[in-house]
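Now for the letters of each chain:
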Amino acid sequence: MTVRIAPSILSADFAALGAAIAAAERGGADLIHVDVMDGHFVPNITIGPPVVQSIKRVATVPLDVHLMIEEPDRYLDAFADAGADMMSVHVEVLPHLHRTVHAIKARGVKAGVVLNPSTPVLMLDEIAADVDYVLVMSVNPGFGGQTFIPRSESKVRAVRALLDRAGNRDAPIEIDGGIDVHNVARVVAAGATMIVAGSAIFHTPDPERATRELKAAALAAAPIASR
Ligand code: DX5
Ligand code: ZN
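Criteria and cut-off values
- Residues numbered from 1 in each chain as written.
- Chains lettered and ligands numbered in written order.
- Predicted model: local features only at pLDDT ≥ 70, side-chain atom pairs only at ≥ 80, totals over all residues.
- Heavy atoms only, no water.
- Helix = DSSP H or I, 4+ residues; strand = E, 2+ residues; numbered from the N terminus.
- Rg over C-alpha atoms; globule rule 2.2 N^0.38 Å.
- Buried < 20%, exposed > 50% of the residue type's maximum accessible area, 1.4 Å probe, protein only.
- Contact = heavy atoms within 4.5 Å.
- Areas by Shrake-Rupley, 256 points an atom, 1.4 Å probe, with all protein chains shown as cover.
- Lys, Arg positive; Asp, Glu negative; His and termini not counted.
- Charge placed at Lys NZ, Arg CZ, Asp CG, Glu CD.
- Near = heavy atom within 4 Å.
- Polar contact = N/O pair within 3.5 Å; in protein donor to acceptor, adjacent residues only side chain to side chain.
- 1 Å grid on protein atoms, 1.4 Å probe; cavity = no way out; pocket = protein on both sides within 12 Å on 5 of 7 lines; lining within 4 Å.
- Sits in = over half its atoms within 2 Å of the grid points.
- Nonpolar A, V, L, I, M, F, W, Y, C, P; charged D, E, K, R; others polar.
- Axes fitted to C-alpha atoms, helices over the stretch in contact; angles between N-to-C directions.
- Parallel < 35°, antiparallel > 145°, perpendicular 65-115°, else oblique.
- Left-handed = near helix turned anticlockwise from the far one by under 90°.
- Core = buried A, V, L, I, M, F, W, Y, C linked by side-chain atoms within 4.5 Å.
- Pairing = 2+ DSSP bridges.
- Right-handed = clockwise from strand over helix to strand, strands pointing away.
- Donors = N, O, S within 2.8 Å, 3.2 Å for Na, K, Ca; no water.
- Tetrahedral: all angles 85-135°; square planar, octahedral: opposite > 155°, others 65-115°.

### Focus on the overall build of the chain
Thought 1: Scanning the chain from N- to C-terminus turns up 8 helices and 8 strands.
Thought 2: Computed over the C-alpha atoms, the radius of gyration of the chain is 16 Å, within 12% of the 17 Å expected from 2.2 N^0.38 for a compact globule of 227 residues.
Thought 3: Taken along its principal axes, the extent of the C-alpha atoms in the chain is 45 × 40 × 30 Å.
Thought 4: Burial status across the chain gives 55% buried among its 227 residues.
Thought 5: Here the analysis covers contacts within the chain between residues at least 6 apart in sequence; of these, 65% occur between residues at least 24 apart.
Thought 6: About 9,700 Å² of surface is accessible on the chain, with carbon and sulfur atoms providing 53% of the total.
Thought 7: A gap of 5 Å separates the mean positions of the 20 positive and 26 negative side-chain charges of the chain.

### Re the site of ligand 1
Thought 1: In the region of ligand 1, 20 residues are neighbours, and Ser 8, Gly 142, Asp 176, Gly 198 and Ser 199 sit closest.
Thought 2: Residue Ser 8 places a side-chain N or O atom 2.7 Å away from an oxygen atom belonging to ligand 1.
Thought 3: Gly 178 places a main-chain nitrogen or oxygen 2.8 Å from an oxygen atom of ligand 1.
Thought 4: Relative to its unbound accessible area of 380 Å², ligand 1 is 100% covered by the protein chains.
Thought 5: Among the detected pockets, ligand 1 sits in the largest pocket.
Thought 6: Of all the secondary structure elements, the ones that give two or more residues to the shell around ligand 1 are strand S2 (32-37), strand S3 (63-68) and strand S8 (194-197).
Thought 7: A total of 3 residues in the shell around ligand 1 trace back to one element, the largest contributor, which is S2.
Thought 8: Residues of the shell around ligand 1, tallied by class, amount to 8 nonpolar, 10 polar and 2 charged.

### Focus: the packing of helix H1 (residues 17-26) against helix H2 (residues 49-58)
Thought 1: For the pair H1 and H2, the least separation of the axes is 10 Å and the interaxial angle reads 45°. It follows from the interaxial angle that H1 and H2 lie oblique. Relative to H2, the crossing made by H1 is right-handed. Contacts between H1 and H2 involve Leu 17, Gly 18 and Ile 21 on the former and, on the latter, Val 51, Ile 55 and Val 58.
Thought 2: The residue makeup of the contact of H1 with H2, split by class, is 5 nonpolar, 1 polar and no charged.

### Quick look at the nonpolar core
The nonpolar side chains of soluble globular proteins are, as a tendency, buried together.
Thought 1: Of all hydrophobic cores here, the largest spans 73 residues; its most connected members are Met 87 and Ile 195.
Thought 2: Setting aside residues no more than four positions away along its own chain, Ile 195 makes contact with Val 3, Arg 4, Ile 5, Ala 6, Ile 175, Ile 179, Val 184, Val 187, Val 188 and Leu 214.
Thought 3: The next biggest cluster of nonpolar side chains, apart from the first, holds 6 residues, and it includes Leu 31, Tyr 133, Met 194 and Val 196.

### A look at the pairing of S3
Thought 1: The buried count for S3 comes to 6 of 6 residues, which makes it a mostly enclosed element.
Thought 2: Alternating positions in S3 separate into two faces, Leu 63, Val 65 and Leu 67 on one and Asp 64, His 66 and Met 68 on the other, with burial throughout.
Thought 3: By the bridge criterion, 6 bridges tie S2 to S3 in an arrangement that is parallel. Bridging from a neighbouring strand, His 33 pairs with Asp 64 of S3.
Thought 4: Handedness of the crossover joining S2 and S3 through H2 is recorded here as right-handed.
Thought 5: Sheet topology places S3 next to strand S4 (residues 86-90); 4 bridges connect them, and they run parallel. Across the sheet, Asp 64 pairs through a bridge with Met 86, a residue of S4.
Thought 6: Regarding the hand of the β-α-β motif, the stretch spanning S3, helix H3 (residues 76-82) and S4 is right-handed.

### Description of the coordination of the zinc ion (ligand 2)
Thought 1: Coordination of the zinc ion (ligand 2) by the protein comes from His 33 (NE2), Asp 35 (OD), His 66 (ND1) and Asp 176 (OD), over a distance range of 2.0 to 2.3 Å.
Thought 2: Given 6 donor atoms and angles of 71 to 171° at the metal, the environment of the zinc ion (ligand 2) is assigned as octahedral.
Thought 3: All donor residues of the zinc ion (ligand 2) come from one chain, and their arrangement in sequence is H-x1-D-x30-H-x109-D. Residue His 33 is located in strand S2, and its partner His 66 is located in strand S3; the two are separated by 33 residues in the primary sequence.

Below, the structure written as structure tokens:
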């Protein structure tokens, strides 16, 4: 499974998103991670479908939309129409997760499910065969620039084992929160192959270079078969 870097524009200058995305893409970004927050599920408020639509016009790589919102079902059409290529929803807000996952897929969008740090892996037991990817939060969602929670590393291994047991060997694991050039090797070695990074890329003087360096560090840690 190839390792992919997904710069999170949450830490970019919102008045210059086009330039931020272009720099990340020059540095080798494989996806653009878009953090949608509603002020209810998480304390912060960020962006909605019109911004995703604008980003879609300038990005040349797929858009990975992370929905940190309550009642995500109400917005699946809007984000799919805006150009999301991948959409992830939090298991904590969805009593009918199976329905939501299949609703995302029915729109031709890759469906991911997300676990908060305190949410047990067993919450995925009945859905593991259906998902296109799993996102393991390695911070509590809501803000960029937080510290990586070390226990996330064993959680990635447990999610990998669960997906494999469910016969979903091709479903990648994404990790999000506090990832930088120093800890990326650990999470890749644990089995994460989609690497989100916000402040480690956009809170540097040279986001292009930061993307390139993070990708190199991630690839160096990946098993040869997955490079
Ligand atoms: C946090 C978001 C993350 C955030 C990561 O709620 O889901 O995607 O942008 O930012 P860093 O890499 O700074 O932890
Ligand atoms: Zn995110």
